[in-house]
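Summary of structural features
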Amino acid sequence: MITKHLGPVLLVLLGWWAWNGPVADWREQSLQERLAENARNMALCLRGEAFAAGAGASTSGDPRTLCAKRHGLYLHEGQWWAYDQTRKVRYSSSHG
């Protein structure tokens, strides 16, 4: 009786392990890839805002602020971070 259900259970466990292990690693972007994508999105948006301003379209505010809000980004230490990205904070040895 137990051997009858052991095969499907092992198959489900193997699939769960693969989905959360190696497959998850293939699906996720590295931090550098996400930062590069954020920078590309901002550059394209800023280029579009500059084109619109040059074409005579009315602009309502700072292009960097508008683009950052549109893409959900903020500037930190020269890089564009998404609000859903986590940053590793480096603490100096003097802080506890």
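As a reminder, the structure under discussion sits directly above these lines.
This structure is a prediction, so every number in the text was calculated from the model and none was measured.

**Brief notes about the overall build of the chain**
Of regular secondary structure, the chain possesses four helices and two strands. Going residue by residue from the N terminus, the α and β elements of the chain occur as α-α-α-α-β-β. For the chain, buried positions account for 16% of its 96 residues. The long-range share in the chain, meaning contacts at least 24 apart out of those at least 6 apart in sequence, stands at 42%. Summed over all atoms, the accessible surface of the chain reaches about 8000 Å², with 60% contributed by carbon and sulfur.

**Some remarks on the nonpolar core**
Within the largest apolar cluster, seven residues are counted, these being Met42, Cys45, Cys67, Ala68, Leu73, Trp80 and Ala82. Secondary-structure elements contributing two or more residues to this core are α3 (31-54), α4 (63-71) and β2 (79-82). The contact partners of Leu73, leaving out residues within four places of it in the chain, are Asn38, Met42, Ala68, Trp80, Trp81, Ala82 and Tyr83.

**Section: the pattern of salt bridges**
Enumeration over the complete set of coordinates arrives at two salt bridges. Across the pair Arg34 and Asp84 runs a salt bridge, and its minimum N-O distance is 3.3 Å. With Arg34 in helix α3 and Asp84 in the segment after β2, this residue pair connects regions lying 50 residues apart in the sequence. Given the relative accessible area of 27%, Arg34 is considered partly exposed. A salt bridge links Arg70 to Glu49; its shortest N-O distance comes to 3.1 Å. Within this pair, whereas Arg70 is found in helix α4, its partner Glu49 is found in helix α3, the two being separated by 21 residues in sequence. What makes Glu49 buried here is its relative accessible area of 14%.

**Things to note about α3**
In a regular helix each residue adds 1.5 Å, so 24 residues correspond to 34 Å; α3 covers 34 Å between its end C-alpha atoms and thus fits that length. For α3, the complete set of buried residues consists of Leu35, Asn38, Met42, Cys45 and Glu49. Where α3 is buried, its residues touch α4, β1 (73-76) and β2. Looking one or two residues beyond α3, the residue adopting positive phi is Gly56, at roughly 95°.

**Thoughts on the side chain of Glu49**
In this structure the side chain of Glu49 is engaged in a polar contact, spanning 3.1 Å, whose partner is the side chain of Arg70. Dropping the residues within four chain positions of it, Glu49 is found in contact with Pro63, Leu66, Cys67 and Arg70.

Conventions adopted
Residues numbered from 1 in each chain as written. Predicted model: local features only at pLDDT ≥ 70, side-chain atom pairs only at ≥ 80, totals over all residues. Heavy atoms only, no water. Helix = DSSP H or I, 4+ residues; strand = E, 2+ residues; numbered from the N terminus. Buried < 20%, exposed > 50% of the residue type's maximum accessible area, 1.4 Å probe, protein only. Contact = heavy atoms within 4.5 Å. Areas by Shrake-Rupley, 256 points an atom, 1.4 Å probe, with all protein chains shown as cover. Core = buried A, V, L, I, M, F, W, Y, C linked by side-chain atoms within 4.5 Å. Salt bridge = Lys/Arg side-chain N within 4 Å of Asp/Glu carboxyl O. Expected span 1.5 Å × (residues − 1). Polar contact = N/O pair within 3.5 Å; in protein donor to acceptor, adjacent residues only side chain to side chain.

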